Amino acid sequence: MALTLRSTHKELPGSSKTSPERFPTPAYRHPVTLAVSEAKQAKFLEKVGITSEVYFLRAAMDGIPPLKDKRLFMKNLRFEKVKVRIYQPKILTTGQRRGILYFHGGVGRFGSIRAYERTCRYFARKTNSVVVSVGYRLAPEHPYPTQFEDCLTATIHFMRAAQDYGVDPSRIIICGDSSGGTLTAAVAQALVNRRDLPKLRAQILIYPYLQCVDFNLPSYQQNEGVPILLKERTVALGLRYLNKDLSVIEAMFKGCHIPEDLQPKYQKWVSPDYIPHEFKTRGYKPSTTHPSFSKEVYTEVKPMFDTVFSPLLAEDSVIARLPETFILTCEFDVLRDDGLLYKKRLEDHGIKVTWCHLQEGFHGTVFLALFGGLIGFRSGNKGLEKIVNFLRLM
């Protein structure tokens, strides 16, 4: 986001119980407000024929790139057909480093290597790791599931060539935020049966989207109007990513897209019953209605049930073979419960999970933190610290 004004916000004691971190007052418009405003501007510009919404949001997300970093070697390459940027610390080391592949967020339609330059530099410096930022191709120019295929291709290439970059093949971690977390989970699942490759050391999921079954989980109800990721916008972005009709949104909110014969299967994994009680005390009302299945709606949104799009729906045999996992969730995020449910599934199968919950956090806070005084938040800084601590143990 191209912002040039400095934040003067203050966080009030006890704010975490009732609201996300306090947004700054009138000195300027807060970046979260700006993000929502930018989305509205994008829709307006598209309506009047100036530019499409997706191109406007891509430019806004790219923002202003950081200055050159003298502590890192950086190089643009291609892994097969996939653009990547590699960050290598200049500091000498006696052995091989860990390797981190980063898959950026942006719902498969925006986000870029440039937008996540600060994130990848930070992890390379703070953990003395080789970081690969994956510039997967974007929809709509490159339809789903190209984004997953590119991330998988880049990961396999790096695993095979790790030693060429001074990386220990047994210490490769994949990481992503938001829809990049979805891609991370999907890539990890795709690799569980690959005997020709080293095993992933870990996966890091930062407020990931993981399921399309229930959009009335407690976090969706509690945070439906909380920026940056509003409830309706979450579903609309997913449908646009798949190039589907937005008219089905209301039916999806009611659960009409779930076939009756699949409901028992999915309810084993996606149910408010599996959300701890402490996450239901703030404005949650259990559903008392039984949805009426619509074959038309299901046919339209069927690709959403693919485990590449909804990794939480993977079979137990896949979940049981996943690597050690770090999951970050935010209290004021519609996707909070996706992370909680995936944490439960992994732990039920004996997978070691490190969980970081940001009590004052909101969707995007980790990404914003690295803009420092401009738009940084305490919750985002805490999240970065926890991720770095986890990486240093790998």
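A brief look at the structure comes next. (Residues numbered from 1 in each chain as written. Predicted model: local features only at pLDDT ≥ 70, side-chain atom pairs only at ≥ 80, totals over all residues. Heavy atoms only, no water.)

**Points about the pattern of salt bridges**
Two side chains with opposite charge may pair up if their charged atoms get near one another. If you walk through the whole model with that rule in mind, you get 19 salt bridges. With a closest N to O distance of 2.8 Å, glutamate 141 and arginine 58 form a salt bridge. Taken as a pair, glutamate 141 in the loop between strand E4 (130-135) and helix H4 (146-161) and arginine 58 in helix H2 (residues 53-62) lie far apart in primary sequence, 83 residues in all. Of the residues examined, glutamate 141 reaches a relative accessible area of 37% and is grouped as partly exposed. Given a relative accessible area of 15%, arginine 58 falls into the buried group. Notably, a salt bridge pairs arginine 160 with aspartate 196, separated by 3.0 Å at the nearest N-O pair. Of the two residues, arginine 160 is situated in helix H4 and aspartate 196 in the loop between helix H5 (179-190) and strand E6 (202-206); the sequence distance between them amounts to 36 residues. The class for arginine 160 is exposed, based on a relative accessible area of 58%. Its relative accessible area of 46% is what places aspartate 196 among the partly exposed residues. If you follow the salt bridges from partner to partner, you end up with Arg282, Glu331, Arg336 and Asp337 in one network. (Salt bridge = Lys/Arg side-chain N within 4 Å of Asp/Glu carboxyl O. Helix = DSSP H or I, 4+ residues; strand = E, 2+ residues; numbered from the N terminus. Buried < 20%, exposed > 50% of the residue type's maximum accessible area, 1.4 Å probe, protein only.)

**With respect to the packing of H4 against H5**
For the pair H4 and H5, interaxial distance at closest approach is 10 Å and the crossing angle is 60°. By the angle class used here, H4 and H5 are oblique. By crossing handedness, the relation of H4 to H5 is classed as right-handed. Seen from H4, the contacting residues are Gln147, Phe148, Cys151, Leu152 and Thr155; seen from H5, they are Leu183, Ala186, Val187 and Ala190. For the contact of H4 with H5, the per-class residue count stands at seven nonpolar, two polar and no charged. (Axes fitted to C-alpha atoms, helices over the stretch in contact; angles between N-to-C directions. Parallel < 35°, antiparallel > 145°, perpendicular 65-115°, else oblique. Left-handed = near helix turned anticlockwise from the far one by under 90°. Contact = heavy atoms within 4.5 Å. Nonpolar A, V, L, I, M, F, W, Y, C, P; charged D, E, K, R; others polar.)

**Some thoughts on the layout of surface pockets**
Its volume calculated, the second largest pocket comes out at about 570 Å³. Around the second largest pocket, the lining comprises 22 residues; the ones closest to its centre are Asp214, Gln267, Ser287, Thr289 and Pro291. Of all the elements in the fold, those that place two or more residues in the lining of the second largest pocket are helix H8 (249-253) and helix H9 (263-267). Ranked by residue count, the leading element in the lining of the second largest pocket is H9, at three residues. In terms of residue class, the lining of the second largest pocket is made up of eleven nonpolar, nine polar and two charged. (1 Å grid on protein atoms, 1.4 Å probe; cavity = no way out; pocket = protein on both sides within 12 Å on 5 of 7 lines; lining within 4 Å. Points joined across faces, edges and corners; volume = space filled by probe spheres on them.)

**Structural notes on the side chain of aspartate 333**
Secondary-structure assignment places aspartate 333 in the loop between strand E7 (324-332) and helix H12 (336-348). Here aspartate 333 sits buried without a salt bridge, and the closest side chain of opposite charge, arginine 336, lies 8.5 Å off (N-O distance). Residue contacts for aspartate 333: discarding those within four places in its chain leaves Tyr207, Ser219, Asn223, Leu229 and His363. (Lys, Arg positive; Asp, Glu negative; His and termini not counted.)

**What about the sheet that holds strand E8 (residues 353-362)?**
Whenever strands of a sheet pair, they do so through backbone hydrogen bonds, lying parallel or antiparallel. If you walk across this open sheet you meet the eight strands as E1-E2-E4-E3-E5-E6-E7-E8, and the pairing is mixed. Each of the sheet's edge strands pairs with one partner strand only, and the pair in question is strand E1 (72-79) and E8. Between one strand axis and the next, the sheet turns by 20° as a mean value, whatever way the strands run. For strand E3 (residues 97-103) and E4, the ladder comprises five bridges, and the chain directions are parallel. Residue pairing for E4: tyrosine 102 is matched across the bridge by serine 133. Across the sheet, H4 lies against E1, strand E2 (82-89), E3, E4 and strand E5 (167-177), angled at about 170° from E3, the strand it touches most. With respect to the sheet, H5 is in contact with E3, E5 and E6, its orientation differing from that of E5 by roughly 140°. (Pairing = 2+ DSSP bridges.)

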